[in-house]
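# Analysis of the macromolecular model
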Amino acid sequence: MEFWSFPPRYDDTYFPETGARYWFPQRETMPPAEREHHILERLKQVVRYAYDNAPFYRHHWDARGFHPDHLSSLEDFEERVPVITKADLRAAQDRAPVFGDYLCVPESEIHHIHGTSGTTGNPTAFAIGRDDWRAIANAHARIMWAMGLRPGDTVFIGSLFSLYMGSWGTLIGSERLGARAFPFGAGATGMSARAVDWMRRVKPAAFYGTPSYAIHLAEVARDKGIDPREFELKLLFFSGEPGASVPGVRDRIAETYEARVIDSGSMAEMSPWMNVAGTAETDGMLAWQDVVYTEVCDPNTMHRVPYGQRGTPVYTHLERTSQPMIRLVSGDLTLWKDGPTPCGRTYPHLPYGIFGRIDDSFTVRGENVYPSEIDAALNALPDYGGEHRIIITRETAMDELVVQVEAAQSVHAAGDEAIAQFRDRVSNELHRLLGIRANVEVVEEKTIPRTDFKARRVIDDREMFRAFAEKLGGG
Ligand code: 8LQ
């Protein structure tokens, strides 16, 4: 297998032949059973390394009866190695500031510090070692090659350059690929309008950001009288939130820009986070198992579900030495499949991407709803105005679902009857898809705030109602 060692040692000057489809043909197309054999051997090395270097893992495993000597099959791995959660990582960083007692390299080896935004609770710090930074660049370059990017292509990075690993991971992947990195960023006032001007002038091959931001940028372009197709993008690739594998959203972006839409992204902790990513020919995402070993698990047992079923991704680094993650629970929901893929890679396939976080789903009148299902339905409607908001309230004894949805300007111009018809269409479509009646409010275009990062479309004020009711001495 090409450059397969732990710790990883990549040749930074390596490139596939010019016409090659695969960066590492052997690693990408080998029979899955053979790959699993290599993964098992690697897992043995990784758990031994973590046990020897990280008190965090040693204590976690000792307390739960696992020892690296116990590992002799992938079934052992899922049955005997306990999972870890983001809460465990936060606790470890509180106990052993700043980077937690799962940092396995000397602090002098830390090359970059990144972190979560910390909007809720303490932020988590990511310490990425010098060698790991190179390995991440190599993994991302390989996956971006599979997306169809080639040396010399310009990659426009339209996301915040701060602690967010999305922007940096794309930057170092582009550099290693020999692409032309265009680290434009996002987040400052007036930047979206400038992004439009730059893209029209430079005509990058690819755009990277979040799906919500690509939709917003297209609106900004149109407001300036510019058709987003004038950017002549070959592809847009995304991470950070559901969208690029949600048919209504994906198709809307693909048509708007007349370019291919590719999904990617696991978690910042898992950098190289492109470990789940689609390719030039395969929609959804592949789980690049030789970079990060992904198990889609039953959230109750944390054992793998059979292919064809839904579960939560549990990730294990195979090429990280600084803060290796071993069985980190994502808390997301996905469905995985095996079998042939259009691009010929033999990795497990997540044909519908990642649906979202399990705890982002909500239950209204007994029906379990994922926000991305509503996104899919609304984006597929012809007169959709571009944004919506989902509000779950409890004004009476029952939970109510309110969907505020923008209708295109033409609907408003056509008058009250057209607006009422649009409201009925939205309501019927949501009923057909979700099995519940939503209270639909039609609003004007551009009245709901846009984002240049991950969208927050759900407002759940049921807790507030409950607290209020309790205060009043009620239920
Ligand atoms: N999340 C991230 N990517 C997603 C995708 N493609 N589809 C559905 N949900 C996705 C740095 C990369 O952008 C990855 C990233 O966003 O890392 P974060 O900031 O740690 O956020 C991770 C969470 O974003 C995941 O658990 C998914 O819920 C979502």
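By the naming in an unreviewed UniProt entry, the protein is Phenylacetate-CoA ligase, taken from Dichotomicrobium thermohalophilum.

### A look at helix α11 (residues 371-379)
By the criterion of burial, α11 is predominantly enclosed, with seven of the nine residues buried. Turning to α11, its buried residues number three or more, namely Pro-371, Ser-372, Ile-374, Asp-375, Ala-377, Leu-378 and Asn-379.

### Points about the site of the ligand
Near the ligand lie 18 residues; those nearest to it are Tyr-164, Ser-239, Ser-264, Asp-332 and Lys-454. With respect to the ligand, the backbone of Ser-264 contributes an N or O atom lying 2.8 Å from a nitrogen atom. In this structure, Lys-454 approaches the ligand through a side-chain N or O atom, which is 2.8 Å from an oxygen atom. Burial of the ligand by the protein chains amounts to 91% of its free accessible area of 570 Å². Grouping the constituent residues of the shell around the ligand by class yields six nonpolar, six polar and six charged.

### Structural notes on the pattern of salt bridges
Under the defined criterion, the tally for this structure stands at 34 salt bridges. Arg-134 is the partner of Asp-12 in a salt bridge, and the nearest nitrogen-oxygen pair spans 3.1 Å. With Asp-12 in the segment before α1 (25-29) and Arg-134 in helix α6 (residues 130-147), this residue pair connects regions lying 122 residues apart in the sequence. Accessibility expressed as a relative area gives 35% for Asp-12, which makes it partly exposed. Its salt-bridge partner being Arg-142, residue Asp-290 comes within 3.0 Å of it at the nearest N-O pair. Here Arg-142 lies in helix α6 and Asp-290 lies in the loop between β9 (285-287) and β10 (292-297), a separation of 148 residues in the sequence. Across this residue pair, the class does not change: Asp-290 and Arg-142 are buried. Put simply, Arg-27, Glu-28, Arg-142, Asp-290, Glu-319 and Arg-345 are held in one network by salt bridges that share partners.

### A word on the side chain of Ser-322
If you trace the backbone, Ser-322 turns up in the loop between β11 (310-317) and β12 (326-329). Among the polar contacts made by the side chain of Ser-322, one reaches the main-chain amide nitrogen of Gly-129 at a distance of 3.1 Å. A polar contact of 3.4 Å, which involves the side chain of Ser-322, links it to the side chain of Arg-320. Dropping the residues within four chain positions of it, Ser-322 is found in contact with Tyr-102, Leu-103, Cys-104, Val-105, Ala-127, Ile-128, Gly-129 and Asp-132.

### Remarks on the environment of Val-196
With respect to the helices, strands and loops of the structure, Val-196 is situated in helix α8 (residues 191-202). Separated by 31 residues in sequence, Val-196 and Asp-227 have C-alpha atoms that sit 10.0 Å apart. Dropping the residues within four chain positions of it, Val-196 is found in contact with Leu-217, Val-220, Ala-221, Lys-224, Ile-226 and Phe-231.

The rules behind these values
Residues numbered from 1 in each chain as written. Predicted model: local features only at pLDDT ≥ 70, side-chain atom pairs only at ≥ 80, totals over all residues. Heavy atoms only, no water. Buried < 20%, exposed > 50% of the residue type's maximum accessible area, 1.4 Å probe, protein only. Helix = DSSP H or I, 4+ residues; strand = E, 2+ residues; numbered from the N terminus. Near = heavy atom within 4 Å. Polar contact = N/O pair within 3.5 Å; in protein donor to acceptor, adjacent residues only side chain to side chain. Areas by Shrake-Rupley, 256 points an atom, 1.4 Å probe, with all protein chains shown as cover. Nonpolar A, V, L, I, M, F, W, Y, C, P; charged D, E, K, R; others polar. Salt bridge = Lys/Arg side-chain N within 4 Å of Asp/Glu carboxyl O. Contact = heavy atoms within 4.5 Å.

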